[in-house]
Each structure stands twice: as C-alpha cells, then as structure tokens.
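Results of the structural survey
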Amino acid sequence: LTQVLSGIWPDNGYEFDLRERVYRGRSSMTTGGDQDQRPALSILEPKTINPGSYADEMATYRKDRWVVLLQGWVGQRDHDPDNPTDAAYRLAADVEKCLSGIVSVGPTGQPLYPGIYLLGRKVASMELSQPTVRPAEDGFSDRAYFYLPIAFTLASDISQPGDQQR
C-alpha cells in the first residue's frame, strides 16, 4: 500500500507529489525544515478491534476486515488562508484516484492495473469511506489535513500467521 501511494506525483497525472512522503504509523506532521513543508501521508490503524469471521468448524480460516486510516497533510505552500481546506480536498481526491487502481477492472473483468490489482491479490476487496477534511488546529496540526478510512477484506489462514503481508 505504501508503494502504491508513493506513486502519487505530477508525472503520473496527480496534482501533488508524495514521493518519499508516505509513512506507516506516523500520527503527526510538523513544519520544521524545508522537507517538512511538502504534503505527506500516513497509514494508521484505528484503536478498535475488528474480530474476523471464521469460515470453517476448526476456526483456522478467517475472513478479516482490516481497517486503516489514511491521514494526509497538505504542504505549507499549498495553504490558502481564505479557503484553508481546499488543498486538503484536492489531496484527498488524488489519494482516492490512486486507490481506485487497486480495484479497477476493464469491460472484460480483467484488472486495468495488474501490478497493483488487489495489492498483488493480498486482499479480496477494498471499500473507501468518505474523507473527513479539517483546517489547521492549534495544538494538533499546523496545516490542513484529512482522514480517509479504508476497509480491506482479507482471507487469513491462522496456521500461517504473517502470510498476508500488509
């Protein structure tokens, strides 16, 4: 997922450049040096537990719902003081456009982007929720940001833990 989202940059048809700016587990982004002025994205897991549904009597095969939150921050150069959330909406749209490639199929049912289809067939499906966009807030973030919840369906064999690389 990190690699797919790192493909967001202008040469690939996007407005924003997230090369080397997609992180896992980072919950804040401050504007320190020049590098931190650019847009960024973090993949987080929520603080909730999603128990799986077992598919056999022995409870060795499980259908899991893996929920992640994408948190995106706009760059300081993209900030518009009159409309502070506009850039965050545009960044969220770039992220949604990129994620659509994970599930996109053509008229014959063949993946449009075989290299990233269902994340290399590591997931069975993906559902995107509506993004929530917020302006900068004192004590929380010094730039506009968004959250985008995603739910992936995974088929897991609990006798082979770690077989599903997230």
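These numbers come from a predicted model, not from an experiment.

1. With respect to the side chain of serine 104
Within the secondary structure, serine 104 sits in the loop between helix H2 (86-100) and helix H3 (118-121). Within polar-contact distance, the side chain of serine 104 engages the backbone oxygen of serine 100 at 2.6 Å. Dropping the residues within four chain positions of it, serine 104 is found in contact with Gln110, Pro111, Leu112, Tyr113 and Tyr117.

2. Some remarks on H2
For H2, built from 15 residues, the straight-helix expectation of 21 Å at 1.5 Å per residue is met to within 8% by its first-to-last C-alpha distance of 21 Å. Those residues of H2 not exposed but buried are Ala87, Ala88, Leu91, Ala92, Asp94, Val95, Cys98 and Leu99. Seen along its axis, H2 keeps its buried residues to an arc of 155°; they face one direction. Elements in contact with the buried residues of H2: helix H1 (2-5), strand E2 (40-44), strand E4 (61-73), strand E5 (125-128), strand E6 (132-134) and strand E7 (145-157).

3. Quick word on the pairing of E7
Where E4 meets E7, 13 bridges bridge the pair, whose relative direction is antiparallel. Bridging across to E7, arginine 65 finds its partner in threonine 153. In terms of strand pairing, E5 meets E7 through four bridges, oriented antiparallel. The residue bridging leucine 128 from the neighbouring strand is isoleucine 150, located in E7. Pairing geometry for E6 and E7, over three bridges, is antiparallel. The residue bridging valine 133 from the neighbouring strand is phenylalanine 146, located in E7.

4. Quick look at the pattern of salt bridges
Applying the stated rule across the entire model yields four salt bridges. The closest approach of N and O atoms between aspartate 17 and arginine 19, which form a salt bridge, is 2.6 Å. Looking at aspartate 17, the relative accessible area reads 23%, which means it is partly exposed.

5. Remarks on the nonpolar core
Core analysis: the biggest nonpolar cluster contains 34 residues, and Leu1, Leu5, Leu70, Val95, Leu99 and Phe152 have the highest contact counts within it. Breaking this core down by element, the ones donating at least two residues are H1, E2, E4, H2, H3 and E7. Excluding its chain neighbours within four sequence positions, the residues that come into contact with leucine 70 are Leu5, Leu41, Ser42, Ile43, Val95, Leu99, Phe146, Tyr147, Leu148 and Ile150.

6. Points about the pairing of E2
For E2, the tally of buried residues reaches five of five residues, placing the bulk of the element in the interior. Of the two faces of E2, both are covered, the one formed by Ala40, Ser42 and Leu44 as well as the one formed by Leu41 and Ile43. Where strand E1 (residues 22-24) meets E2, three bridges bridge the pair, whose relative direction is parallel. Residue pairing across strands places tyrosine 23 opposite serine 42, the latter belonging to E2.

Thresholds, definitions, all that
- Positions within a chain are numbered from 1, following the residues in the order the chain's sequence is written.
- Thresholds applied to this predicted model are a pLDDT of at least 70 for local features of residues and 80 or more for the giving and counting of side-chain atom pairs; totals over whole chains, interfaces and linings are not thresholded and use all residues.
- Based on all heavy atoms of the structure, the side-chain values leave hydrogens and waters out of the count.
- Each helix is a run of DSSP H or I of at least 4 residues and each strand a run of E of at least 2, with the numbering of both proceeding from the N terminus.
- Polar contacts, as counted here, are pairs of nitrogen or oxygen atoms within 3.5 Å of one another; within protein the pair requires one atom able to donate a hydrogen and one able to accept it, and residues that are adjacent in sequence qualify only if both atoms are side-chain atoms.
- Every residue pair with non-hydrogen atoms within 4.5 Å of one another is taken to be in contact.
- Given a helix with a known number of residues, its expected span is that number minus one, times 1.5 Å.
- Burial here depends on accessible area, computed with a 1.4 Å probe over protein chains only, as a share of the maximum for the residue type. Under 20% is buried, over 50% is exposed, and the range in between is partly exposed.
- For this quantity, the arc is that covered by the directions from the helix axis to the C-beta atoms.
- Criterion used throughout: strands pair if DSSP finds at least two bridges between them.
- Salt bridge criterion: a side-chain nitrogen from Lys or Arg within 4 Å of a carboxyl oxygen from Asp or Glu.
- The set of buried Ala, Val, Leu, Ile, Met, Phe, Trp, Tyr and Cys residues whose side-chain atoms join them within 4.5 Å is what this entry labels a nonpolar core.

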